[in-house]
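Survey of secondary and tertiary structure
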Amino acid sequence: AIAYDWLHDIWSDDQKTTIKSNMIKFGLNRGVIAYTNSDNKFTGWWTNNTRGNWNCVCNGGLTLGALAIIGEDDTGTADQILGLTVDNAVTNCAQAMSADGSSRETANYDYFGTTGHAEMASALLTATGSEFGLLESNKAGISLNGLYRMYVQGPASLFAYGDHGP
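Worth saying up front: this structure is predicted, and the values here are computed from it rather than measured. (Residues numbered from 1 in each chain as written. Predicted model: local features only at pLDDT ≥ 70, side-chain atom pairs only at ≥ 80, totals over all residues. Heavy atoms only, no water.)

1. Let's talk about the overall build of the protein
Counting its regular elements, the protein contains 6 helices and 0 strands. Starting at the N terminus and ending at the C terminus, the protein contains elements arranged as α-α-α-α-α-α. In terms of C-alpha radius of gyration, the protein reaches 17 Å, essentially the compact-globule figure of 15 Å for 166 residues. If one aligns the C-alpha atoms of the protein with their principal axes, the spans along those axes are about 50 × 40 × 30 Å. Each of the 166 residues in the protein was classed as buried or not, and the buried ones make up 42%. Intrachain contacts of the protein at a sequence separation of at least 6 include 64% that bridge at least 24 residues. Surface accessibility of the protein: about 9,100 Å² in total, with carbon and sulfur atoms responsible for 57%. (Helix = DSSP H or I, 4+ residues; strand = E, 2+ residues; numbered from the N terminus. Rg over C-alpha atoms; globule rule 2.2 N^0.38 Å. Buried < 20%, exposed > 50% of the residue type's maximum accessible area, 1.4 Å probe, protein only. Contact = heavy atoms within 4.5 Å. Areas by Shrake-Rupley, 256 points an atom, 1.4 Å probe, with all protein chains shown as cover.)

See below:
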């Protein structure tokens, strides 16, 4: 999604068509399947009350993919994905941080999820002028999450708890 967007002006028409069709086939369509649970091999368990990195990363990637091709997608898949991911991320991804900024997950997973959350909010803001509540719905937790990152990092390494390694 990022490469398609950033290099859009230098891709040939054939390259754009190939990239766009593959993004739809192997990315966005799989996202629709995940949300509708229409394939027993690929379910969207992370869409149901999963407040953490899985929700942020999956919704973020799908959203960036949809935004990158939305004006060129004649299948309607990009619109469909945005109708699924944004509200779900506000309800789940944005709520991953507690009101004090700490994470429900270990430091590495918090970093992974926070990156997906930030990329999604930034892409939505850049493309549409709105972050659709991704930053406002949990303003206290999100604004204090940087402190959590500092406190969980000791003088030598991250504090090892949960499934976080040394």
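2. Some details on the pattern of salt bridges
Considering all chains together, one arrives at 2 salt bridges under this definition. Note that Arg 149 is salt-bridged to Asp 110, the shortest N-O span being 3.8 Å. You can see Arg 149 sitting in helix 6 (residues 139–152) and its partner Asp 110 sitting in helix 5 (residues 107–128), a full 39 residues away along the chain. Under the relative-accessibility criterion, Asp 110 is labelled buried at 4%. The salt bridge involving Lys 139 is made with Glu 136; its shortest N-O contact spans 3.8 Å. (Salt bridge = Lys/Arg side-chain N within 4 Å of Asp/Glu carboxyl O.)

3. Things to note about unusual backbone geometry
If you check the backbone angles, Asn 49 has positive phi at about 55° while not being a glycine. With respect to the element layout, Asn 49 can be found in the loop between helix 2 (13–36) and helix 3 (53–69). Within the chain, Phe 132 stands out as a residue other than glycine whose phi angle is a positive 55°. Tracing the chain through its elements places Phe 132 in the loop between helix 5 and helix 6.

4. Points about the side chain of Glu 131
Structurally, Glu 131 is set in the loop between helix 5 and helix 6. This buried residue, Glu 131, is left without a salt bridge; Lys 139 holds the nearest opposite charge, at 8.8 Å. At 2.6 Å, the side chain of Glu 131 and the backbone nitrogen of Leu 134 are in polar contact. In contact with Glu 131, not counting residues within four places along its chain, are Ala 121, Leu 124, Leu 125 and Glu 136. (Lys, Arg positive; Asp, Glu negative; His and termini not counted. Polar contact = N/O pair within 3.5 Å; in protein donor to acceptor, adjacent residues only side chain to side chain.)

5. What to know about the nonpolar core
Generally speaking, soluble globular proteins have nonpolar side chains that are buried together. The biggest cluster of nonpolar side chains holds 29 residues, and the ones touching the most others in it are Leu 28, Ile 69 and Leu 134. Elements supplying a minimum of two residues to this core: helix 2, helix 3, helix 4 (77–91) and helix 5. The biggest single contributor to this core is helix 3, with 8 residues. Setting aside residues up to four positions removed in sequence, Leu 134 forms contacts with Ala 89, Val 90, Ala 94, His 117, Met 120, Ala 121, Leu 124 and Ile 142. (Core = buried A, V, L, I, M, F, W, Y, C linked by side-chain atoms within 4.5 Å.)

6. Regarding the state of the cysteines
Throughout the structure, instances matching the rule amount to 1 disulfide. The residue that forms a disulfide with Cys 56 is Cys 93, at a sulfur-sulfur distance of 2.2 Å. Across the S-S bond linking Cys 56 and Cys 93, the dihedral sits near 110°, which makes this disulfide right-handed. On the criterion of sequence distance, the pair formed by Cys 56 in helix 3 and Cys 93 in the loop between helix 4 and helix 5 is long-range, its members being 37 residues apart. In this pair, the class of Cys 56 matches that of Cys 93, namely buried. (Disulfide = S-S within 2.5 Å.)

All quantities given are derived from atomic positions and should not be read as evidence of function.
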